[in-house]
Amino acid sequence: MISRVFNFMKQSETVQLNNKLFLDLLSSSSSAKPKILHDVFINHRGSDTKRNIATLLYDNLKSRNLRPFLDSKNMKPGDKLFDHINNAILTSKVAVTVFSPNYCDSYFCLHELALIMESRKRVIPIFCDIKPSQLDVMIERVTCSDDEIQRFRWALQEAKDIVGLTFDSYKGNLSEVVTVASDVIVERLVELEAKDENL
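Rules and cut-offs
Residues numbered from 1 in each chain as written. Predicted model: local features only at pLDDT ≥ 70, side-chain atom pairs only at ≥ 80, totals over all residues. Heavy atoms only, no water. pLDDT = per-residue confidence, 0-100. Contact = heavy atoms within 4.5 Å. Phe/Tyr/Trp six-rings, centres within 6.5 Å; stacked < 30°, edge-to-face > 60°. Helix = DSSP H or I, 4+ residues; strand = E, 2+ residues; numbered from the N terminus. Buried < 20%, exposed > 50% of the residue type's maximum accessible area, 1.4 Å probe, protein only. Polar contact = N/O pair within 3.5 Å; in protein donor to acceptor, adjacent residues only side chain to side chain. Right-handed = clockwise from strand over helix to strand, strands pointing away. Pairing = 2+ DSSP bridges. Core = buried A, V, L, I, M, F, W, Y, C linked by side-chain atoms within 4.5 Å. Axes fitted to C-alpha atoms, helices over the stretch in contact; angles between N-to-C directions. Parallel < 35°, antiparallel > 145°, perpendicular 65-115°, else oblique. Left-handed = near helix turned anticlockwise from the far one by under 90°. Nonpolar A, V, L, I, M, F, W, Y, C, P; charged D, E, K, R; others polar.

Labelled according to an unreviewed UniProt entry, the protein appears under the name Toll-Interleukin-Resistance (TIR) domain family protein, originating from Arabidopsis thaliana.

The following block contains the structure:
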């Protein structure tokens with residue numbers, strides 16, 4: 001049932017129109033930036049990482065008085081999925097992408113990643129039980145247009161070219177990777193703030 005709802009949403013003209021409006025906003029020549037509402041957007045595959053690394057990272061960042069966005073923590077029943085998530089991406093300073101074995105077969109994960117890359121956010125990848133070389137679009141062509149698949153492949157390639165953190169759930173310490181990731185996020189936020197002050 002849920003997959004049918006998501007398929008309907010992906011094909012909906014309203015969703016496509018909203019995505020186009022966000023992309024138009026990104027490419028507009030206006031110098032006005034969206035108001036920052038979140039420090040960090042956490043992009044992840046819920047079935048793989050929501051109950052461990054994504055939620056622990058969110059909690060760690062909150063304990064540091066930061067404003068992270070995690071869909072399960074920030075969205076309420078009745079929120080429009082694409083509108084809320086797209087807005088959260090555009091109004092975040094940095095993004096964390098938690099890549100996992102089932103990440104690339106999710107339309108939502110790839111859409112979020114593409115929007116993150118298109119909006120030129122500072123990205124901190126975490127490769128959780130997957131290597132960068134294993135990332136490829138796994139969505140069926142029936143559910144996506146060729147243009148979307150190209151967009152997703154481009155975003156994945158951009159992400160592969162960024163130095164990230166790795167975590168192996170069989171050998172690694174989850175608490176350690178969350179702490180290190182949080183430290184890196186704080187460093188990036190401080191760098192961005194210093195850069196903004198110098199402008």
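**Student:** So what exactly am I meant to see when it comes to the confidence of the model for the protein here?
**Tutor:** A low pLDDT score tells you not to read the predicted coordinates there in detail. Averaged over all residues, the pLDDT of the protein is 84; the fraction at 70 or higher stands at 82%. Of the regions scoring below 50 in pLDDT, residues 1–18 engages in 12 contacts with residues more than four places distant in sequence or in other chains.

**Student:** What should I look at first to understand the packing of aromatic side chains in this one?
**Tutor:** Note on aromatic pairs: each is described by the distance of the centres and the angle between the planes. Going through the model one piece at a time under the given rule, you end up with 7 aromatic pairs. Where Phe 82 meets Tyr 107, the ring centres are 6.3 Å apart and the plane angle is 75 degrees; that geometry is what we call edge-to-face. With Phe 82 in helix α5 (residues 81–90) and Tyr 107 in helix α6 (residues 107–118), this pair connects stretches of sequence that are 25 residues apart. In this pair, the class of Phe 82 matches that of Tyr 107, namely buried.

**Student:** Can you help me understand the environment of Leu 115 in this one?
**Tutor:** Assignment of secondary structure puts Leu 115 in helix α6. On the basis of relative accessible area, Leu 115 is assigned to the buried category, the value being 1%. Sequence-wise, Leu 115 and Phe 152 are 37 residues apart; in three dimensions their C-alpha atoms are separated by 9.5 Å.

**Student:** For this particular structure, what's the right way to read the side chain of Ser 119?
**Tutor:** Positionally, Ser 119 belongs in the loop between α6 and β4 (122–128). Side-chain polar atoms of Ser 119 contact the backbone oxygen of Ile 116, separated by 3.1 Å.

**Student:** Just to check I follow, could you spell out the pairing of strand β1 (residues 38–44) for this structure?
**Tutor:** Summarising burial for β1: 7 of the 7 residues are buried, a large majority. You can see the chain leave β1, run along helix α3 (residues 46–63) and come back into strand β2 (residues 68–69), and the turn it takes is right-handed.

**Student:** Teacher, can you tell me more about the sheet that holds β2 here?
**Tutor:** Across a sheet, strands are paired by hydrogen bonds formed along the backbone, either parallel or antiparallel in direction. Taking strand neighbours across the sheet as the criterion, the 5 strands line up as β2-β1-β3-β4-β5 in an open arrangement whose pairing is parallel. The open sheet has two edge strands, β2 and β5 (165–167), and neither has a second partner. Pairing of strand β3 (residues 92–99) with β4, which is carried by 6 bridges, proceeds in the parallel orientation. Bridge pairing in β4 links Ala 95 to Val 123.

**Student:** What's the story with unusual backbone geometry in this structure? I'm lost.
**Tutor:** For residues besides glycine, phi is generally negative; the peptide bonds are generally trans as well. Although it is not a glycine, Asn 65 sits at a positive phi angle of roughly 65 degrees. Structurally, the position occupied by Asn 65 is in the loop between α3 and β2. Under the relative-accessibility criterion, Asn 65 is labelled exposed at 70%. Although it is not a glycine, Asp 129 sits at a positive phi angle of roughly 60 degrees.

**Student:** Even after reading the chapter, I still don't get the nonpolar core, so can you show me in this structure?
**Tutor:** Inside soluble globular proteins, nonpolar side chains tend to come together where they are buried. Within the largest apolar cluster, 33 residues are counted, with the highest numbers of intra-cluster contacts made by Phe 99, Leu 113, Phe 152 and Leu 156. Listing elements by their share of this core, those giving two or more residues are α5, β3, α6, β4 and α7 (146–160). The greatest single-element share of this core, amounting to 9 residues, is contributed by α6. Residues in contact with Leu 156, not counting those within four places in the same chain, are Phe 99, Cys 104, Leu 110, Leu 113, Leu 135, Asp 136 and Val 137. Grouped together as the second largest cluster of nonpolar side chains are 24 residues, Leu 61, Leu 70, Val 184 and Leu 192 included.

**Student:** Please clarify how the packing of α6 against α7 should be interpreted in this entry.
**Tutor:** Each pair of packed helices gets described by two things: the angle between the helix axes and the distance between those axes. Running from N to C, α6 and α7 point in directions that differ by 65 degrees, and their axes come no closer than 9 Å. Relative to α7, the element α6 is oriented roughly perpendicular. Of the two elements, α6 crosses α7, and the hand of that crossing is left-handed. Two secondary-structure elements touch here, α6 through Tyr 107, Leu 110, His 111, Leu 113, Ala 114, Leu 115, Met 117 and Glu 118 and α7 through Glu 148, Arg 151, Phe 152, Trp 154, Ala 155, Leu 156, Glu 158 and Ala 159. Its residues placed into classes, the contact of α6 with α7 shows 11 nonpolar, 1 polar and 4 charged.

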